[in-house]
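If you want the building blocks of each chain, they are given just below.
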Protein chains: 2
Amino acid sequence: MIYTEKRTEQELRKNGFKITPQRRAVIDAIAGSHEHLTPAAIYNRVRREHPSIGLVTVYRTIEVLAGLGLICETHAGGSCRSYLMRRPSEHHHHLICSDCGKVVDFTNCDLDDLESRLVKETRFKINGHLLEFLGQCLECSKIKGR
Amino acid sequence: MIYTEKRTEQELRKNGFKITPQRRAVIDAIAGSHEHLTPAAIYNRVRREHPSIGLVTVYRTIEVLAGLGLICETHAGGSCRSYLMRRPSEHHHHLICSDCGKVVDFTNCDLDDLESRLVKETRFKINGHLLEFLGQCLECSKIKGR
DNA sequence: AGCCAAATGAAAACGATTTTCAATTAGTAA
DNA sequence: TTACTAATTGAAAATCGTTTTCATTTGGCT
Ligand SMILES: [Mn+2]
Ligand SMILES: [Mn+2]
Ligand SMILES: [Zn+2]
Ligand SMILES: [Zn+2]
């Protein structure tokens, strides 16, 4: 936790961004949760300790962190995105309920063969991938099933 | 193509929805494209043949079709959703260059085993998936490499 | 201590989506 | 066919999330 925050600040500095109290607060909020947080949820958490921060600053900080690949973005149903601190060991993906938004993590994605095939065919250098399954959780399919 | 439209109308009728010229037009627009279309893109296609339709009607029709599972929703970067007629085998994915934005399509994603494992473990009903590889195309890695 | 580009916050602008409401229409029953 | 009615439609307004603008402040450097 502490380590993640430190590493994130280092990375910001290394890329020429300034360390401000507001950015620290946003980083702490995201790193302090193992849940995916929407921009509004991050804003609410940050405001507890830092009531004067603007929602704009949250959006701007998210943009910087995502640009550096320090947080990862998830798209749930509707038009709603959320963010999670990217931790080195935690490569994982999501199974998302389009109805209620429930998110289930999974880790074994087994995309290595596909990746090397794509590298050979396209000569791209591949840095990562985004994989999400969309559907309905058990509860929601029960409700709809009737 | 014709078949898809017919089947979609049947399904609407079966669930007590009325068949209107506007709904026909929206269905034709989505079924007539093998690309993912945003609500606005659907609206533009529909207007060519049906200039008086309202964007609201497009949204409402999308909602109905998605509710019945006849179209599937994709979330691309930012806050942008798009829709594709659900056809038993036609989908594709993207390999995206983070530097210049070039997009390469590919189709064999081979996720069936993973999908059935997830269905078994989570009891989700899975409607679709989003898979994107991110990296650098040959040209951009040359530029950066120097 | 002083400089300056980067960062901030308030407010306005923006684009996408939803709600409201009065008028129209598809499907059905007489 | 005609009449009925609940569903559907479109225009406009409202709402929501996000971005832009701009004047002010501040972190990092000399
Ligand atoms: Mn997760
Ligand atoms: Mn494509
Ligand atoms: Zn659910
Ligand atoms: Zn490129």
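Quantities reported herein were computed from a predicted structural model and do not represent experimental measurements. (Residues numbered from 1 in each chain as written. Chains lettered and ligands numbered in written order. Predicted model: local features only at pLDDT ≥ 70, side-chain atom pairs only at ≥ 80, totals over all residues. Heavy atoms only, no water.)

A.B. asks: Is there a simple way to think about the protein's contact with DNA strand C in this case?
C.D. replies: If you check the shell around DNA strand C, you find 22 residues, and the closest are T20, R23, T57 and R60 of chain A together with Y59 of chain B. R23 of chain A has a polar side-chain atom sitting 2.8 Å from a phosphate oxygen of DNA strand C. Breaking the surface near DNA strand C down by element, the ones donating at least two residues are α2 (21-31) and α4 (55-67) of chain A together with α4 (55-67) of chain B. For the surface near DNA strand C, the element with the highest residue contribution is α4 of chain B, accounting for four residues. (Near = heavy atom within 4 Å. Polar contact = N/O pair within 3.5 Å; in protein donor to acceptor, adjacent residues only side chain to side chain. Helix = DSSP H or I, 4+ residues; strand = E, 2+ residues; numbered from the N terminus.)

A.B. asks: For this particular structure, what's the right way to read the protein's contact with DNA strand D?
C.D. replies: Taken together, the neighbourhood of DNA strand D is formed by 23 residues, with Y59 of chain A together with T20, R23, T57 and R60 of chain B sitting nearest. Backbone atoms, meaning sugar plus phosphate, form 71% of the atoms of DNA strand D positioned within 4 Å of the protein. Within the side chain of R23 of chain B, one N or O atom sits 2.7 Å away from a phosphate oxygen of DNA strand D. Here the element with the most residues in the surface near DNA strand D is α4 of chain A; it accounts for four residues. Of the residues assigned to the surface near DNA strand D, the class counts are nine nonpolar, seven polar and seven charged. (Nonpolar A, V, L, I, M, F, W, Y, C, P; charged D, E, K, R; others polar.)

A.B. asks: I tried to follow the domain arrangement of chain A on my own but got confused; where do I start?
C.D. replies: When the parts come together, some accessible area is lost, and that loss is often what is quoted as the size of the interface. Entries for chain A in the domain assignment read domain 1 (1-89) and domain 2 (91-146). Using C-alpha coordinates to define each centre, domain 1 of chain A is positioned 23 Å away from domain 2 of chain A. (Domains from an automatic or database assignment.)

A.B. asks: For this particular structure, what's the right way to read the relation of the copies chain B and chain A?
C.D. replies: Note: a rotation about an axis with an accompanying shift along it relates these two copies of the chain. The operation relating chain B to chain A is a screw motion whose rotation component is 174°, with 0.2 Å of axial translation and a residual RMSD of 2.8 Å. On the angle and the small slide along the axis, the relation comes out as a two-fold axis. Both copies share a contact surface, since 97% of the interface residues of chain B are interface residues in chain A too. (Least-squares fit on C-alpha atoms with pLDDT ≥ 70 in both. Contact = heavy atoms within 4.5 Å.)

A.B. asks: How should I be thinking about helix α1 (residues 2-14) of chain A in this particular structure?
C.D. replies: An α-helical turn contains 3.6 residues, so any two residues separated by three or four positions project in the same direction. Residues and elements named next belong to chain A. Taking 1.5 Å of rise per residue, 13 residues should cover 18 Å, and α1 covers 18 Å from first to last C-alpha, within 8% of that figure. Residues T4, E5, T8, E9 and L12 constitute the buried set of α1. Projected down its long axis, α1 carries its buried residues within an arc of 130°, all on one side. For α1, exposure combined with an orientation more than 90 degrees from the buried face picks out I2, Y3, K6, Q10, R13 and K14. (Expected span 1.5 Å × (residues − 1). Buried < 20%, exposed > 50% of the residue type's maximum accessible area, 1.4 Å probe, protein only. Arc of directions from axis to C-beta.)

A.B. asks: Got a minute to help me understand a negative patch on the surface in this structure?
C.D. replies: A cluster of acidic side chains, namely D110, D112 and D113 of chain A together with D110, D112 and D113 of chain B, defines a negative patch on the protein surface. Note on placement: D113 of chain A falls in helix α5 (residues 112-122). Owing to a relative accessible area of 66%, D113 of chain A belongs among the exposed residues under this scheme. (Patch = residues over 30% accessible without salt bridge, like charges linked within 9 Å, V, L, I, M, F, W, Y side chains within 5 Å. Areas by Shrake-Rupley, 256 points an atom, 1.4 Å probe, with all protein chains shown as cover. Salt bridge = Lys/Arg side-chain N within 4 Å of Asp/Glu carboxyl O. Lys, Arg positive; Asp, Glu negative; His and termini not counted. Charge placed at Lys NZ, Arg CZ, Asp CG, Glu CD.)

A.B. asks: Explain the environment of N15 of chain B here, please?
C.D. replies: All names here are of chain B. By the secondary structure assignment, N15 is in the loop between α1 (2-14) and α2 (21-31). With relative accessibility at 40%, the residue N15 sits in the partly exposed group. Placed 48 residues apart in sequence, N15 and E63 show a C-alpha to C-alpha distance of 14 Å.

A.B. asks: Hey, could you run me through the interface of chain B and chain A in this one?
C.D. replies: Counting from both sides, the interface comprises 38 residues of chain B and, opposite them, 38 residues of chain A. For the pairing of chain B and chain A, the buried interface totals around 3,400 Å² over both sides, and the portion due to carbon and sulfur atoms is 65%. Remark: the boundary between chain B and chain A carries zero salt bridges. Our enumeration of links across chain B and chain A arrives at four residue pairs in polar contact (both at pLDDT 80 or more). Secondary-structure elements contributing two or more residues to the side of chain B that touches chain A are β1 (71-76), β3 (93-97), β4 (103-106), α5 (112-122) and β5 (125-136) of chain B. Residues that form the side of chain B that touches chain A fall into these classes: 18 nonpolar, 12 polar and eight charged. As defined by bridge partners, strand β5 (residues 125-136) of chain A adjoins β5 of chain B across 11 bridges and the pair is classed as antiparallel. Within β5 of chain B, the position partnered with K125 of chain A by the bridge is Q136 of chain B. (Buried area = accessible area lost by both parts, 1.4 Å probe. Pairing = 2+ DSSP bridges.)

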